[in-house]
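Here's the letter readout for the chains.
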Amino acid sequence: MNWRVPLAEFVIADDDLDAVVATYRSGWLTMGPRTAEFERLFVEYTGAAAAIAVSSGTAALHLTCLVAGLGPGDEVIVPSLTFVATVNAIAYTGARPVFVDIAAVDQPWLSATACEQAITARTRAVLAVAFGGHSGEIEALASLCERRGVLLLEDAAHAAGSRLHGRHLGTFGAASAFSMFSNKNLAVGEGGVVVTSDEAFAAQVRLLRSHGMTAMTWDRHRGHATDYDVVALGYNYRIDEPRAALAASRLARLDDENTRRARIDAFYREEFAGLDLTLALAAVDGLESSYHLFVIVLPEGSDRSAFRERLAADRIQTSVHYPPVHEMTVHAGEHELPVTESYAARAVTLPMFAGMTDTQVEAVVGATKATLAHVRS
Ligand SMILES: *Cc1c(COP(=O)(O)O)cnc(C)c1O
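What you are looking at is a predicted structure, and each value in this text was computed from that prediction instead of being measured. (Residues numbered from 1 in each chain as written. Predicted model: local features only at pLDDT ≥ 70, side-chain atom pairs only at ≥ 80, totals over all residues. Heavy atoms only, no water.)

K.L.:
I'd like a rundown of the side chain of serine 289, residues and numbers included.
P.N.:
Here serine 289 is to be found in the loop between strand S13 (287-288) and strand S14 (294-297). For serine 289, a relative accessible area of 8% corresponds to the buried category. Among the polar contacts made by the side chain of serine 289, one reaches the main-chain carbonyl oxygen of glycine 133 at a distance of 3.4 Å. A polar atom in the side chain of serine 289 sits 2.9 Å from the backbone nitrogen of tyrosine 291. Each residue touching serine 289, except ones within four places of it in the same chain, is listed here: Gly132, Gly133, His134, Ser162 and Asn258. (Helix = DSSP H or I, 4+ residues; strand = E, 2+ residues; numbered from the N terminus. Buried < 20%, exposed > 50% of the residue type's maximum accessible area, 1.4 Å probe, protein only. Polar contact = N/O pair within 3.5 Å; in protein donor to acceptor, adjacent residues only side chain to side chain. Contact = heavy atoms within 4.5 Å.)

K.L.:
So what's going on with the domain arrangement of the chain? Which residues, and what values?
P.N.:
Many analyses report the size of an interface as the accessible area lost when the parts associate. With domains assigned, the chain is organised as domain 1 (14-251) and domain 2 (254-376). Relative placement of domain 1 and domain 2: their C-alpha centres are 26 Å apart. The partner domain 2 presents 39 residues to the 37 residues of domain 1 that form the contact. Around 3100 Å² of area is buried between domain 1 and domain 2 when both sides are counted, 59% of it from carbon and sulfur atoms. At the junction of domain 1 and domain 2, the tally comes to three salt bridges. In this structure, arginine 163 and glutamate 288 form a salt bridge, with 2.9 Å as the shortest nitrogen-oxygen distance. (Domains from an automatic or database assignment. Buried area = accessible area lost by both parts, 1.4 Å probe. Salt bridge = Lys/Arg side-chain N within 4 Å of Asp/Glu carboxyl O.)

K.L.:
Outline the site of the ligand, supporting the account with residue identities and numerical values.
P.N.:
Lining the immediate surroundings of the ligand are 16 residues, of which Gly57, Thr58, Asp155, Ser179 and Lys184 lie closest. Within the side chain of serine 179, a nitrogen or oxygen atom sits 2.7 Å from an oxygen atom of the ligand. For the ligand, whose unbound accessible area comes to 380 Å², protein coverage reaches 93%. For the shell around the ligand, the elements supplying multiple residues, two or more each, are helix H3 (57-67) and helix H4 (84-92). A total of three residues in the shell around the ligand trace back to one element, the largest contributor, which is H3. (Near = heavy atom within 4 Å. Areas by Shrake-Rupley, 256 points an atom, 1.4 Å probe, with all protein chains shown as cover.)

Encoded structure:
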C-alpha cells in the first residue's frame, strides 16, 4: 500500500547512518563497547541504576519476569489491553497471567482499584503497561504493590522519553522492559532494554542475556579472559553493535522527536474537540509523555471497519491498539473485562510519528472529520 500518511515512520538522520557504518568498519559486530556505551547513555537518560540492552523488547520482558523470580504457582496481574508479548513473557516462566480491566475507555491502562480486587495469596507481581507512553495509574500501583507486598514490574515498550514529575517511566517498579522495535519511539529495528535500580537484578539479567556465561566473547577478544564457566540456564538475547550504535545515535534526538509528537497530539486534540469522539490518553499534570500513540474512541454503535476503510481509501493508515489478549486463542479463558471490551471494539489509532509533516497531520484531521460526518448522517 502506498500510504499518503502511514501509521508510523522511522526517521533516520545522517548521524545515525554514520554511526552504523563506523560500526561495520570497526570490525566488531556482536555485543561489545558500543552496547556498553549505549547502556551508559540509557542509564543517564532514564536515571535508573542499570540498563541492559537485549535483542528485543520481548526478550527484555522475559528476562525481567525470570529474574523477578516468577514461576509456576504464581499469579501475575496484567492488562489484557496490551501487545501479546507482555502476557507471553509471564507465561514463559510458568506463572499465570491474571487479566485485569482498564480504568476507563479514555484511560486504557490498568485500574489500580481493579488490581487490588484481583490480588490473591498467589499474586506475586503486577506487570503494568505504560500505554501509549502514558503514566496511567503508576503511582497508585506502586503504593498498592508496596502495601500488599507484591512486585511491580513495568512494560515500558511505549515509554522511551516519558517522565512523570521528572521521573522516567520504567523506574517506578523493581524492573522494566523497553522496546526498540521499528515502530517504537526509540526504534532500531529489533532491540530492547531492561532497566532496574537493583544491581543484583541487573547482574542476573546480564548473565541470562548471554547463555549464563561468566565471560563474554568481547572479554576474551580483549584478552581479559581466556575461559569461562556457565552458571545458569541462559539465552542468546544479545543485541549487536550496529543496533546499539544506532540506538545511541537516536537517543540523542529522542526528546526533540517526542516534542514534535507532543505538538501533533495537541493539534489533534484542538481539532477534534467538540466532535462526537472520545480522545484517549489525555496528558495529566506532571506528565511529559512520549506520545507513542494517538487513539480516538468512536461513539458506541459506530461501524469501525467502515471508518477505517474510508481513511484507508484516502491512503491514511490506521490501526487498533490492541485486540485484547484475553480474546486470543492462546490466552483464552473466562474473563470479565467490560471496559477493555468496550474500548477495544471502538478504538482507532491515528498516524503519529516525529517525521509527520503539517500537511500529513492536516490530511488526517480532514479525513477523520469528513468520515465522522459521513458516518453520522
Ligand atoms: C512492542 C511491544 C512489545 C514487544 O517488543 P518487541 O521489541 O517487539 O519484542 C511488548 N509490549 C508492548 C506494549 C509493545 O508495544
